[in-house]
Amino acid sequence: MSPKFSLDPFEGQYAHRTSNMLSSEIRDLLSVTARPDIISLAGGLPYTQALSPEIILRTVRAVLEEDCAASLQYGPTDGYAPLKHDLMRVMGAEGTPCFPEDIMITNGAQQGLELIAKVFINPGDSIITEAPSYVGALNSFLSYQPRIHSIPLDEQGLRTDLLEEKLGELAREGSRAKFIYVVPNFHNPAGVTMSRERRFRLLELAHRHDCLVLEDNPYGLLRFEGDPEPSLRSLDEGRVIYLGTLSKIFAAGMRIGWVAAPHPILDKLLLAKQSADLCSSTFTQMVAHRYFAGEDWLGQVEQLKEIYRGRRDAMLEALEEHLEGIARWTRPQGGLFVWVTLPAFIKAPEMLAAAIDAKVAFVPGTGFFPYRGGENSMRLNFSYADEDTIREGIKRLSKVIKRELSLARAFGHDLDPLPEKGGPDGMTGG
Ligand SMILES: Cc1ncc(COP(=O)(O)O)c(C=O)c1O
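These numbers come from a predicted model, not from an experiment.

1. Some remarks on the overall build of the protein
Part 1: In terms of helices and strands, the protein carries 14 helices and 14 strands.
Part 2: Rg of the C-alpha trace for the protein: 22 Å, near the compact-globule value of 22 Å for 430 residues, within the 12% margin.
Part 3: Principal-axis analysis of the C-alpha atoms gives the protein an extent of 70 × 55 × 55 Å.
Part 4: Residues counted as buried form 53% of the 430 residues belonging to the protein.
Part 5: Long-range contacts, defined here as pairs at least 24 residues apart, represent 77% of the contacts in the protein between residues at least 6 apart.
Part 6: Roughly 18900 Å² of accessible area belongs to the protein as shown, and the carbon and sulfur atoms make up 53% of that amount.

2. What about the domain arrangement of the protein?
Part 1: What the domain assignment reports for the protein is domain 1 (11-50 + 300-409) and domain 2 (74-294).
Part 2: Domain 1 and domain 2 are separated by 24 Å when their C-alpha centres are compared.
Part 3: Across the contact, 32 residues belong to domain 1 and 33 residues belong to domain 2.
Part 4: Carbon and sulfur atoms supply 62% of the area that domain 1 and domain 2 bury against each other, a total of about 2900 Å² over both sides.
Part 5: If you look at where domain 1 meets domain 2, you find one salt bridge.
Part 6: Across the pair Glu 225 and Arg 312 runs a salt bridge whose closest N-O atoms are separated by 3.1 Å.
Part 7: The tally of links from domain 1 across to domain 2 stands at 11 residue pairs in polar contact (both at pLDDT 80 or more).
Part 8: Residue assignment for the side of domain 1 that touches domain 2 shows that the elements contributing at least two residues are helix 12 (297-323) and strand 11 (337-341).
Part 9: Considering each element in turn, the side of domain 1 that touches domain 2 owes the most residues, seven residues, to helix 12.

3. Let's talk about the site of the ligand
Part 1: Lining the immediate environment of the ligand, one finds 13 residues, of which Ala 109, Asp 216, Tyr 219, Thr 245 and Ser 247 sit closest.
Part 2: For the ligand, an oxygen atom lies 2.5 Å from a polar atom in the side chain of Tyr 219.
Part 3: Here the ligand, which alone exposes 400 Å², has 92% of that area covered by the protein.
Part 4: Residue assignment for the shell around the ligand shows that the elements contributing at least two residues are helix 4 (108-120) and helix 9 (247-251).
Part 5: Class assignment for the residues of the shell around the ligand results in five nonpolar, five polar and three charged.

4. Examining the side chain of Ser 383
Part 1: With respect to the element layout, Ser 383 can be found in the loop between strand 14 (377-381) and helix 14 (387-410).
Part 2: Taking the relative accessible area as the measure of exposure, Ser 383 reaches 0% and is therefore buried.
Part 3: Among the polar contacts listed, one links the side chain of Ser 383 to the side chain of Asn 381, at a separation of 2.9 Å.
Part 4: When residues no more than four places from it in sequence are discounted, the contact partners of Ser 383 are Leu 45, Pro 46, Tyr 47, Tyr 308, Arg 311 and Leu 336.

5. Some thoughts on the sheet that holds strand 6 (residues 177-182)
Part 1: Strand order in the open sheet formed by eight strands is 2-9-8-7-6-3-4-5, with mixed pairing between adjacent strands. Each of the sheet's edge strands pairs with one partner strand only, and the pair in question is strand 2 (103-106) and strand 5 (157-158).
Part 2: Two strands pair when backbone bridges link them, and strand 7 (residues 212-216) and strand 8 (residues 240-245) are joined in this way by four bridges, in the parallel orientation. If you follow Glu 215 over to strand 8, its bridge partner there is Tyr 242.
Part 3: Across the sheet, helix 4 is in contact with strand 2, strand 6, strand 7, strand 8 and strand 9 (257-260); its angle to strand 8 comes to roughly 155°.

Basis of the calculations
- Here the residue numbers are simple positions, counted from 1 along each chain's written sequence.
- It should be noted that, the model being predicted, local features are given only for residues of pLDDT at least 70 and side-chain atom pairs only at 80 or more, the latter also being counted only at that level, while totals for whole chains, interfaces and linings use all residues.
- The side-chain values count all of the structure's non-hydrogen atoms but skip hydrogen atoms and water molecules.
- Secondary structure counts use DSSP, requiring at least four H or I residues in a row for a helix and at least two E residues in a row for a strand, with both numbered from the N terminus.
- Note that the radius of gyration is over C-alpha atoms, with the globule rule given as 2.2 Å times the number of residues to the power 0.38.
- Each residue's exposure class comes from its accessible area (1.4 Å probe, protein chains only) as a fraction of the maximum for that residue type: buried when under 20%, exposed when over 50%, partly exposed otherwise.
- The contact rule is simple, with two residues in contact once any of their heavy atoms fall within 4.5 Å.
- For the accessible areas, the method is Shrake-Rupley and the probe is 1.4 Å, while residue cover comes only from the protein chains on display.
- The source of the domain bounds is an automatic or database domain assignment.
- Buried surface area refers to the total accessible area, computed with a probe of radius 1.4 Å, that the two partners give up upon joining, counted for both partners together.
- Salt bridge, as used here: a side-chain nitrogen of Lys or Arg that lies within 4 Å of a carboxyl oxygen of Asp or Glu.
- Pairs of N or O atoms within 3.5 Å make up the polar contacts considered here, provided that, within protein, one atom can donate a hydrogen while the other can accept it, and that residues adjacent in sequence are counted only when both atoms are side-chain atoms.
- Any residue with at least one heavy atom within 4 Å of a molecule or strand is counted as near it.
- Residue classes follow a fixed rule: Ala, Val, Leu, Ile, Met, Phe, Trp, Tyr, Cys and Pro count as nonpolar, while Asp, Glu, Lys and Arg count as charged, and any other residue, Gly among them, counts as polar.
- A pair of strands is treated as paired once DSSP finds two or more bridges between them.
- Angular values range over 0 to 180 degrees, each being the angle between N-to-C directions of two axes fitted as lines to C-alpha atoms, with helices fitted over their stretch in contact.

Shown next as structure tokens:
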């Protein structure tokens, strides 16, 4: 085989694990979407403008006035103790019992994912993820060179029937999955929520096959409608590693997340965090503590939910107006994202350049699969742009899609354009 051509003069020096990291071509293309003339439905940005600068100012001022020196100092690796009490309350607001000693604070949930990958994955180990799955998790996992087995999602979340088959297959090979990674609430990127029945089934299967469950829950408190489902941790504390974050309910820029896990696992994660960064920022942890102890944080979450609900509705209405009968999409009851499935012959990554030309951006579904899948799908974000902008964005996007459709037809694709409901699509065809 001839060596791969590369412009990188350091190509031969990188560790093997870097070759597993997902391609950044799409990221490069999306980097232009910060231009003001482009409507970006691509990012995953929370609407931090909703947080009043006055509140942040008085919170930061109070921290500096009361304990400036301590806030500028190193802190314990497992996190600032008073903030752990606040995080316990945050979990309580979702009905998940937790004690401060069950928690390690991290630099966002993303660091939790990275540390878990470091602590659990040997090259060649099997792990299980949903398909599609959160790209940041896939990237962390892939750099430790596992075999990722992707289990499709549908409107009820993880297809536990297919999970059962996969776990059985692994058992017959004499192996098992180290963990099953799931985003049960308002999935990124799919927007779906795991049903109660499937939560129980997932834990039953994990118990039977003795694997851990990684519950990544950034969006649970952002429910606009319907009744909350129990967290996996609240159903089986001994088998679940829970990841939380303040990024979506307070401020992503604070970079505060946490892991709640059985204590032996927490001990290993603590060693891994020590070598990663010694400790998270004492300053932002103290600011966050002030905020959660002294401000109406739940009122702020309510306000965010109102804004996001309106934006989600605007997106769903615009999709109905412009793409009914042409595409299918999920109807999230919370969170930040809608997943759109296009006719099978449309290749979303190839369509992205045309969309950017039409001044609208989305993330092609392919980025959310570790190996392949999701070619005819895309993730749309509704948390950042306002309602009118979202409507205009969908209008522009629909024109691009319709142009692709008529081009495809001109080249002889006379297939039924829309996949059957429940049939293979970007979610179930991975
Ligand atoms: C499912 C999921 N997990 C983890 C993260 C990382 O969040 P953070 O590191 O900001 O806490 C995100 C961010 O969008 C996410 O969507």
